Amino acid sequence: DEFAYDNDRSLRYRQRGDIAAGYLEYNLKLKNFSAMAGARYEYYHIHVTYPDGKRDDFKTDLGDLVPSVSLGYNLTATQMLKMSYNMRIQRPDIGALSPYISRNTPEEMAYGNPNLKSAKAHNIDVSYNTFSTKFSLNTTVSYSFSNNGLTSYSFIDKNNILNTTSDNFLHSKGLNLNMFMNWTVFNGTTLNFNGGGSYRDLKVNRTQDHNYGFQGFGWGGITQQLPAKLKAELWMGGNTRDVLLQGKGSGSLFYSLNLSHEFLKENRLKISLRAGNFLGHYRHFKNETLTSTFRTSSDYRVDFLRLGIGISYRL
């Protein structure tokens, strides 16, 4: 049968957001030493209306002062050590705020929370950078924590329905290591790598949920210049399963092989062929939610095969 409009399960929801911001920054440089101190203030006004009149219109005002401080020292002309602190904010998007109830099955429903506020996270970073004509390296060790993190969570109500929504009650902390490397091994041969790992500790006292563990990601590639203006690239990467408040997310693995050719004066025209994940190209994405009262799991099979032709012209 054709889909029929169900007035009882519908909700017309209109949201407008206006953002204003002011910035102030001071920079200092003395020989090999540099420093920066700054702050910005962000004001966010949300106005929500319901054209169908099923709910009362409402307004929300969010104001956040976001500071940042950094200290840098040039060890040599090509090496730098830097330490910084900054605060990051995460404003809730329309999907997290809208109270519309979505029912995928009779046993589960999902909806937003109109009372969400901006989440604030504090970050302390220590980084080391070095570069030359053939090699560059950036490594960063950081520690982050938040006491009002924005997170989604699930619970079983008195009618045995699985509810999924969001709130600002996540206590999180994590230690992270990230690295980026670019190395010209030979003339025409370049290696790239970007990866990292972290330890996360996530807790919500209200729901008595607590989860922790390690997770990591990495991707890299090799680029080889060939005769006749041909260039070949091989990229591979993936990530482990994410540590979530109530379980674990999916891990993934991917690879791609690219071949390109440049034409015309100054190599303005470029044509490329791309093929990715062509061996065993189906991927399983498994997610698990585990609490003291229930457990759910899902398994999605996705075709990751990618074939493409690219054409670009540089004006």
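See the structure shown above.
Here the structure is a predicted model, which means the values were calculated and not measured. (Residues numbered from 1 in each chain as written. Predicted model: local features only at pLDDT ≥ 70, side-chain atom pairs only at ≥ 80, totals over all residues. Heavy atoms only, no water.)

**Student:** When you look at the overall build of the chain in this model, what are you seeing that I'm missing?
**Tutor:** Counting its regular elements, the chain contains one helix and 19 strands. Taking 315 residues into account, the globule formula puts the C-alpha radius of gyration at 20 Å, and the chain, at 25 Å, lies well above it. For the C-alpha atoms alone, the extent of the chain along its principal axes is close to 65 × 60 × 45 Å. For the chain, the residues scored as buried account for 34% of the 315 residues in total. In the chain, the share of contacts with a sequence separation of at least 24, taken over all contacts with a separation of at least 6, comes to 54%. If you sum the accessible surface of the chain, you get close to 20300 Å²; carbon and sulfur atoms cover 57% of it. (Helix = DSSP H or I, 4+ residues; strand = E, 2+ residues; numbered from the N terminus. Rg over C-alpha atoms; globule rule 2.2 N^0.38 Å. Buried < 20%, exposed > 50% of the residue type's maximum accessible area, 1.4 Å probe, protein only. Contact = heavy atoms within 4.5 Å. Areas by Shrake-Rupley, 256 points an atom, 1.4 Å probe, with all protein chains shown as cover.)

**Student:** What is the right way to look at the pattern of salt bridges in this model?
**Tutor:** It is possible for side chains bearing opposite charge to pair when their charged atoms get close. Counted under the stated rule, the structure contains seven salt bridges. Between E42 and R40 there is a salt bridge, with the nearest N and O atoms lying 2.6 Å from each other. Overall, the relative accessible area of 25% leaves R40 in the partly exposed class. Among the ionic pairs, R295 bridges to E288, the shortest N-O distance being 2.8 Å. (Salt bridge = Lys/Arg side-chain N within 4 Å of Asp/Glu carboxyl O.)

**Student:** Just to check I follow, could you spell out the nonpolar core for this structure?
**Tutor:** In summary, soluble globular proteins display a tendency toward joint burial of nonpolar side chains. Listed in full, the 12 residues of the largest apolar core are L11, Y13, Y44, I46, V48, Y50, L62, A96, L97, L116, A119 and L150. For this core, the elements supplying multiple residues, two or more each, are β2 (33-49) and α1 (94-97). Broken down by element, the residue count for this core peaks at three residues, all from β2. Leave out the neighbours within four places in its chain, and Y13 touches V48, T49, Y50, P51, I94, L97, S98 and P99. Of all hydrophobic cores here, the second largest spans six residues; its members include Y153, F169, V204 and L245. (Core = buried A, V, L, I, M, F, W, Y, C linked by side-chain atoms within 4.5 Å.)

**Student:** Before we go on, may I ask you to explain the sheet that holds strand β13 (residues 243-244) in this structure?
**Tutor:** Whenever strands of a sheet pair, they do so through backbone hydrogen bonds, lying parallel or antiparallel. Taken together, the four strands give an open sheet; going across it, the order is β13-β14-β17-β18, and neighbouring strands pair in antiparallel fashion. A strand with exactly one partner marks an edge of an open sheet, and here the two such strands are β13 and β18 (295-303). Inspection of the sheet shows strand β17 (residues 282-290) paired to β18 by nine bridges, in the antiparallel sense. Opposite N287, over in β18, you have S298 as the bridge partner. (Pairing = 2+ DSSP bridges.)

**Student:** Looking at this structure, how should I read the side chain of H261?
**Tutor:** You can see H261 is positioned in strand β15 (residues 252-263). A distance of 2.7 Å separates a polar atom in the side chain of H261 from the backbone oxygen of A228. Residues contacting H261, with those up to four places away along its chain left out, are A228, K229, L230, L269, K270 and I271. (Polar contact = N/O pair within 3.5 Å; in protein donor to acceptor, adjacent residues only side chain to side chain.)

**Student:** What am I meant to see in unusual backbone geometry here?
**Tutor:** Most peptide bonds take the trans configuration, and most residues that are not glycine carry a negative phi. Phi angles above zero are rare outside glycine, and Q208 is one such case at about 60°. Position of Q208 relative to the elements: it lies in the loop between β10 (189-204) and β11 (209-226).

**Student:** How do you make sense of the side chain of S10 when you look at a structure like this?
**Tutor:** In this fold, S10 is placed in the segment before β1 (14-30). For S10, a relative accessible area of 16% translates into the label buried. Side chain to side chain, S10 and Y5 meet in a polar contact 3.0 Å long. For S10, the residues in contact, after removing those within four places along its chain, are Y5, D52, K54 and Y100.

**Student:** Just checking my understanding: could you explain the pairing of strand β4 (residues 79-90) for this structure?
**Tutor:** Strand residues, when the strand is regular, have side chains that alternate between the two faces of the sheet. Looking at chain direction, strand β3 (residues 58-76) and β4 are connected through eight bridges and run antiparallel. Residue pairing for β4: S68 is matched across the bridge by N86. Counting the residues that bridge the hairpin from β3 to β4 gives two residues. As paired elements, β4 and strand β7 (residues 119-131) share 12 bridges and run antiparallel to each other. Looking across to β7, one finds that Q90 is bridged to A119.

**Student:** Which parts of the structure should I look at to understand the environment of Y13?
**Tutor:** Its location among the elements puts Y13 in the segment before β1. The class for Y13 is buried, based on a relative accessible area of 17%. C-alpha of Y13 to C-alpha of G53: the two residues are 40 residues apart in sequence and 9.7 Å apart in space.

**Student:** Honestly, the pairing of β7 in this entry has me stumped. Any pointers?
**Tutor:** Relative to strand β8 (residues 135-156), β7 is paired through 10 bridges, and the arrangement is antiparallel. By the bridge assignment for β8, Y128 is matched with T139. Count of turn residues in the β7/β8 antiparallel hairpin: three residues.

Keep in mind that these numbers describe shape and distance, not what the molecule does.
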